[in-house]
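# Understanding the architecture of this molecule
Listed here are the chains, written in short residue letters.
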Amino acid sequence: MKPLPLPVRVGLVGTGFAAKLRAETLQGDDRATLVAVAGHTAMKTEQFAQTYQAEAIGSWQQLVERNDIDLVMISLVNSAHGDIVARSLQAGKHVVVEYPLCLDAIAAKELISLASQRQLLLHVEHIELLGGLHNALKASLPEAGEVTYARYATITPQRPVPLKWTYNLNLFGFPFVGALSRLHRFTDLFGSVATVSAQARFWEASEPDYYTACLCTAQLRFTSGAIADLIYGKGDQFSKGERKFEVHGEKGTLIFDGDRGELVRLDEVTPLSVGTRRGLFARDTTMVLDYLTAGKPLYVEPTASAYTLKVADAVRRAAQTQETISLEN
């Protein structure tokens, strides 16, 4: 792909937290200009556009068809990702989208194929791979030796629970799909998955399709032989939060609890340095501009995200059927 002429003209879909961080980075980089913004409500979109000196657009459909936009950045609800990505690629735009690429694993492959045919960038953000925890874990993995077992738990208490899209199955998707980064850490570290089994429970809210809490667990057996347990919970059924990643190997155990890390070998405990989680959306945005203007490689391929989405969909089916799902075929 030939480098784009400067400045790269950007259209932003969304006005939430991630969109704000994208806009701030674009505003501070001479290689890009934020041309237009489309959001969920007219008032928020207008306020956002004024803050970042862009034009407020009535709909994302209008935004992606504009001739003065080279790159579309998508920071909207998960259920909207697939349609916006498809329309943007069909309109000849490069695309950046927050994970998941879409809620359907087959559709994800089709979108990647479309981007390849059109010779357009399709970048699925996975900032967890840029964070201090993941990089410290990846760098320390050889110290643990051959991995036998891993466990990753993220539990987020919330009271009261807001009536928002992240607590809606249709808008957010099945939890391990919507929160794809939990699984993506594992596929990035340990490779392909042989089988999955899972459990899921939801506490229904007063409004249809919404819930006040969810608890999802999955067990993965990798083709390497390693076994991993994942726990994801959020909402009003929990009183104490947890963010803990453990990796047990033949030579030692790696434990990352919150922002602290350590390598344990019998009675010997070695502290591990864990970098910050700050500034990751800015890094991701800067790397996209590096790719589009200078051809520098990105840190993740969309095919890797699509594979993790395939695993997440298998977890969903395993939870529904209470059967072990094989991915080897």
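First, a word on scope: everything that follows refers to the structure included in this document. Since the model is a prediction, treat every value here as computed from it, not as a measurement. (Residues numbered from 1 in each chain as written. Predicted model: local features only at pLDDT ≥ 70, side-chain atom pairs only at ≥ 80, totals over all residues. Heavy atoms only, no water.)

## Here we look at the sheet that holds strand β4 (residues 71-74)
Strand order across the open sheet formed by six strands is β3-β2-β1-β4-β5-β6, with parallel pairing between neighbours. The open sheet terminates on both sides in strands that have one partner only, identified here as β3 (55-57) and β6 (122-125). With direction set aside, neighbouring strand axes in the sheet form an average angle of 25 degrees. Sheet strands in contact with helix α1 (residues 17-27) are β1 (8-13), β2 (32-38), β4, β5 (94-98) and β6, and its direction is about 165 degrees off that of β1. (Pairing = 2+ DSSP bridges. Helix = DSSP H or I, 4+ residues; strand = E, 2+ residues; numbered from the N terminus. Axes fitted to C-alpha atoms, helices over the stretch in contact; angles between N-to-C directions. Contact = heavy atoms within 4.5 Å.)

## Topic: the sheet that holds strand β8 (residues 193-204)
With mixed pairing, the nine strands of this open sheet are ordered in space as β14-β13-β12-β11-β7-β10-β9-β8-β15. At either end of the open sheet lies a strand with only one pairing partner, and these are β14 (268-272) and β15 (325-326). Along the sheet face, helix α6 (residues 132-144) touches β7 (147-157), β11 (242-249), β12 (253-257), β13 (260-265) and β14 and points at about 165 degrees away from the line of β12. Strand contacts of helix α9 (residues 181-190): β7, β8, β9 (211-222), β10 (227-235) and β11, with the helix running at about 160 degrees to β7, the strand carrying the most contacts.

## Regarding the packing of aromatic side chains
This structure, assessed with the given rule, holds 11 aromatic pairs. When the centroid spacing of 4.9 Å and the interplanar angle of 50 degrees are considered together, the rings of phenylalanine 48 and tyrosine 52 count as tilted. Taken individually, phenylalanine 48 and tyrosine 52 each receive the classification buried, so the pair is uniform in this respect. Three or more aromatic residues joined by ring pairs make a cluster, and in this case those are Tyr152, Phe186, Phe190, Phe222 and Phe245. The lysine or arginine in question, lysine 234, covers the ring of tyrosine 167, its NZ or CZ lying 4.8 Å from the ring centre. A cation sits over an aromatic face here: lysine 234 above phenylalanine 172, 4.1 Å from the ring centre. (Phe/Tyr/Trp six-rings, centres within 6.5 Å; stacked < 30°, edge-to-face > 60°. Buried < 20%, exposed > 50% of the residue type's maximum accessible area, 1.4 Å probe, protein only. Lys NZ or Arg CZ within 6 Å of the ring centre and 35° of its normal.)

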